[in-house]
Amino acid sequence: MRSQTKELEEFKARTQELDKVAKMLVRRDLELSETRAKREEEQAKAEQLKNEFVSLAAHQLRTPLSAIKWALEALLDGDAGPLTRAQRELLLQNKHSNERMIALINNLLDVTRIEEGRYLYRPVFSQLEELVQGVVLSYGIEARRRSITLVFDPRKEKFPRVLVDKEKILLVIQNLVDNSLRYTPPGGRVEVALSHDKKDVVFSIRDSGIGIPEEQKERIFEKFFRASNAKQVDTEGTGLGLYFSKNIIEAHEGKIWAEPKTGEGSTFSFSLPIKQEV
Ligand code: ADP
């Protein structure tokens, strides 16, 4: 009997101890989530400040760059007198650099617009194969210049129409075709295809290019990220195209992904949900 009472007391004491430990853990958990929330708030603030700075700097740079552009065009048009061949060549090189800087600045402004949710979408029901066909045709000359076979075989059947902002989806398709051509050596092949099931229309582009190193493939949709092998073959990239593309596709409730292997080319795909037309 006595030993039973003792056991009961011991049991009570253990339960109280456990209770104390549980309370302490709950308190600690609360403290941790408060610290996490604070850190997230600080990160969001820093991100916003960075965006404001980039946006301001980009806006400020656009005006003088446009002025340079007009001046260069006037010189090239001969407004300030005839040019020698060497002068014309130098001016053309400058014009090219100037245009690249303007494009880069526009990209930076787009990044801030995307991140602030100001990248507006005007969706209309569209036939994706027509958009793809248009882009593939427009890259024909560039593909021939690079000695790359670029193919898209639109099927006879019509695909279900998708609800998209045409301009933005065109940007994504252009980006993916442009990347495949830039990261595929001469003599290579780029194949574009469309398919669909009941839920989605799927675009995919497969190239025989440089691929993406396995350990870096997780990062290719990150802002400004460029894989090490890509930097070697193309020094002019910005690492923004796939970041934009991901944002645009996700804003359409779609998905975008890559299946790259170094040395064996890459396949990029995106899917867009099929919506009922009313
Ligand atoms: P950019 O091409 O200007 O560097 P992107 O955002 O379009 O920027 O692409 C990010 C990175 O993803 C590229 O720098 C490259 O490392 C990789 N990448 C994209 N497309 C391909 C491709 N078709 N083949 C190999 N690597 C690619």
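Residues numbered from 1 in each chain as written. Predicted model: local features only at pLDDT ≥ 70, side-chain atom pairs only at ≥ 80, totals over all residues.

Engineer: Tell me about the overall build of the protein, and please be specific about residues and values.
Structural biologist: Looking only at helices and strands, the protein features seven helices and seven strands. Its helices and strands in sequence order give the protein the pattern α-α-β-α-α-β-β-α-β-β-α-α-β-β, from N to C terminus. Since a compact globule built from 278 residues should have a radius of gyration of about 19 Å, the 28 Å found for the protein marks it as more spread out than a globular shape. For the protein, the C-alpha atoms occupy an extent of roughly 115 × 50 × 45 Å along the three principal directions. A sequence separation of at least 24 residues applies to 68% of the contacts in the protein between residues at least 6 apart. (Helix = DSSP H or I, 4+ residues; strand = E, 2+ residues; numbered from the N terminus. Rg over C-alpha atoms; globule rule 2.2 N^0.38 Å. Contact = placed C-beta atoms within 7 Å.)

Engineer: Any details on the site of the ligand? Residues and values, ideally.
Structural biologist: Close to the ligand lie 22 residues; R226, A227, A230, G237 and G241 are nearest. Within the residue set of the shell around the ligand, elements represented by two or more residues are α5 (166-182) and α7 (241-251). In terms of residue class, the shell around the ligand is made up of 10 nonpolar, 10 polar and two charged. (Near = placed C-beta within 6 Å. Nonpolar A, V, L, I, M, F, W, Y, C, P; charged D, E, K, R; others polar.)

Engineer: An account of the sheet that holds strand β5 (residues 200-207) is needed here, citing residue identities and associated values.
Structural biologist: Spatial ordering of the open sheet is given by β2-β4-β5-β7-β6, a layout of five strands whose pairing is mixed. Strand pairing shows two members of the sheet lacking a second neighbour, β2 (149-152) and β6 (255-258), which therefore form its edges. Direction aside, neighbouring strands of the sheet carry axes that sit 10 degrees apart on average. Pairing of β6 with strand β7 (residues 266-273) involves four bridges; the strand directions are antiparallel. (Pairing = 2+ DSSP bridges. Axes fitted to C-alpha atoms, helices over the stretch in contact; angles between N-to-C directions.)

Engineer: Can you break down helix α3 (residues 128-138) residue by residue, with the values?
Structural biologist: For α3, every residue scored as buried is listed here: L128, V132 and V135. The buried residues of α3 occupy one face: seen down the axis, they fall within an arc of 65 degrees. Those residues of α3 that are exposed and angled more than 90 degrees off the buried face are E130, L137 and S138. As for α3, its buried residues are in contact with β1 (124-126), β2, β3 (162-164), α5, β4 (189-196) and β5. (Buried ≥ 20, exposed ≤ 12 C-beta atoms within 10 Å, placed from the backbone. Arc of directions from axis to C-beta.)

Engineer: Please give an account of the pairing of β4 that cites residues and values.
Structural biologist: In terms of strand pairing, β2 meets β4 through four bridges, oriented parallel. Paired with V151 across the bridge in β4 is E191. Relative to β5, β4 runs antiparallel, the two being bridged by seven bridges. Paired with H196 across the two strands is V201, which belongs to β5.

Engineer: I'd like a rundown of helix α2 (residues 85-115), residues and numbers included.
Structural biologist: End to end, α2 covers 45 Å across 31 residues, agreeing with the expected 45 Å (1.5 Å per residue, within 8%). Among the residues of α2, those classed as buried are L108, V111 and T112. (Expected span 1.5 Å × (residues − 1).)

Engineer: If you had to explain the packing of α3 against α5 to someone new, which residues and values would you point to?
Structural biologist: Interaxial distance between α3 and α5 falls to 10 Å at its minimum, and their mutual angle equals 45 degrees. Relative to α5, the element α3 lies oblique. Of the two elements, α3 crosses α5, and the hand of that crossing is right-handed. Contacts from L131, V132, V135 and V136 in α3 reach K166, I169, L170, I173, Q174 and V177 in α5. Split by residue class, the contact of α3 with α5 holds eight nonpolar, one polar and one charged. (Parallel < 35°, antiparallel > 145°, perpendicular 65-115°, else oblique. Left-handed = near helix turned anticlockwise from the far one by under 90°.)

Engineer: Go over the packing of α5 against α7, please, and point to the residues and values.
Structural biologist: Two elements in contact, α5 and α7, have axes whose closest approach is 9 Å; the angle formed by their N-to-C orientations is 145 degrees. When you trace α5 past α7, the crossing you get is left-handed. When α5 is examined against α7, the residues K168, L171, V172, N175, L176 and N179 are found in contact with a partner set consisting of G241, F244, S245, I248 and I249. In terms of residue class, the contact of α5 with α7 is built from six nonpolar, four polar and one charged.

Engineer: Residues and numbers for unusual backbone geometry, please.
Structural biologist: Positive phi is not limited to glycine here, since S147 has a value of about 55 degrees. Checked against the element boundaries, S147 lands in the loop between α4 (140-145) and β2. Assessed through the 11 C-beta atoms surrounding it within 10 Å, S147 is described here as exposed.

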